[in-house]
Amino acid sequence: MLPARFRSRFFSLLDKFLSSTHLPTYLVAAFAKRLAAMSIHAPPDVSLTLIVFIRNLLIRHATISCLVNRPGQAEVARDPYLFDESELIKTAALESSLWEVQTLQQHYCPDVSTEAATLRKPMPVQEAPLGEWLDRDAEELWEKEPPAGKIAPLNHMKPLGLFDDRDAFPKELFQW
């Protein structure tokens, strides 16, 4: 769903539906938690959109700020949120935390890790416009220059040749 063609329309409609301040807290918390879970498995451009969307939800609905500021949220193994529950009131989203966003602070894409870190800072007064985040694609993120002095490791062992003794592929097949 996330890398789909109508992603921008989906997020625009979701933003419109969740913009009401009369929504119950458990409903908004459940949506924020599910979006955070999706952001872990999403491509970097979609993760950016999801993080900004979650930040806008936290600004719009201050009652769910307990998801970010919960003490002891580092214990991921004991997450009380029930992902398989279809009724949002029974998901225990308000007892959970947004540990997924804390995990995204260690993301390989610098833009994603920077945006995820902004949720730990005091929230701004105004929401970020979603339009500029919806139009980003993965190509745009990869075209940016890497930070100076940071080179990503590409291989864990220096190769000694095309076919090495460590390879499981037999050399005898390619001898002339």
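Structure shown above.
As a convention, each chain's residues are numbered from 1 in the sequence order in which they are written. Only residues with pLDDT of at least 70 get local features here, since the model is predicted, and only at 80 or more are side-chain atom pairs given and counted; chain-wide, interface and lining totals rely on the full set of residues. Neither water nor hydrogens contribute to the side-chain values; these are computed over all heavy atoms in the structure.

Focus: the overall build of the chain
To qualify as a helix, a DSSP run of H or I must reach at least 4 residues; to qualify as a strand, a run of E must reach at least 2; elements of each kind are numbered from the N terminus. Within the chain, the regular secondary structure consists of 7 helices and 0 strands. Ordered by position from the N terminus, the helices and strands of the chain form the series α-α-α-α-α-α-α. Only protein chains enter the accessibility calculation, which uses a 1.4 Å probe; a residue whose area is less than 20% of its type maximum is buried, one above 50% is exposed, and one in between is partly exposed. Here the chain, with 176 residues, has 37% of them falling under the buried criterion. Sequence-distant contacts, at least 24 apart, represent 71% of the contacts inside the chain between residues at least 6 apart. Each accessible area value is a Shrake-Rupley result obtained with a 1.4 Å probe; residue values ignore everything except the protein chains displayed when judging cover. For the chain, the accessible surface area stands at approximately 11,700 Å², while carbon and sulfur atoms represent 58% of it. Residue contacts are defined here by distance: any two heavy atoms, one from each residue, within 4.5 Å place the two residues in contact.

Some thoughts on the nonpolar core
Phe53, Ile54, Leu57, Ile64 and Leu98 are the most contacted members of the largest nonpolar core, which has 36 residues in total. Going through the elements one at a time, helix H1 (7-17), helix H2 (25-41), helix H3 (44-60), helix H4 (99-104) and helix H5 (110-117) are the ones with two or more residues in this core. When residues of this core are assigned to their parent elements, the largest contribution, 9 residues, is made by H3. Residues in contact with Ile64, not counting those within four places in the same chain, are Thr25, Val28, Ala29, Ala32, Leu57 and Leu58. What is meant by a nonpolar core is a set of buried Ala, Val, Leu, Ile, Met, Phe, Trp, Tyr and Cys residues, joined one to another through side-chain atoms within 4.5 Å.

Some words on the packing of aromatic side chains
Pairing of aromatic rings covers Phe, Tyr and Trp, the last through its six-membered ring, and needs centres within 6.5 Å; plane angles under 30 degrees mean stacked, over 60 mean edge-to-face, and all others mean tilted. With the rule as written, the count across this model stands at 3 aromatic pairs. Centre to centre, the rings of Phe10 and Phe11 are 5.4 Å apart; their planes meet at 65°, and the pair counts as edge-to-face. Among the residues examined, Phe10 registers a relative accessible area of 30% and is labelled partly exposed. Owing to a relative accessible area of 0%, Phe11 belongs among the buried residues under this scheme. Aromatic rings pair up to connect Phe10, Phe11 and Phe53 into one cluster.

Some points on unusual backbone geometry
A positive phi angle is found at Ala92, which is not glycine, with a value near 60°. Its location among the elements puts Ala92 in the loop between H3 and H4.

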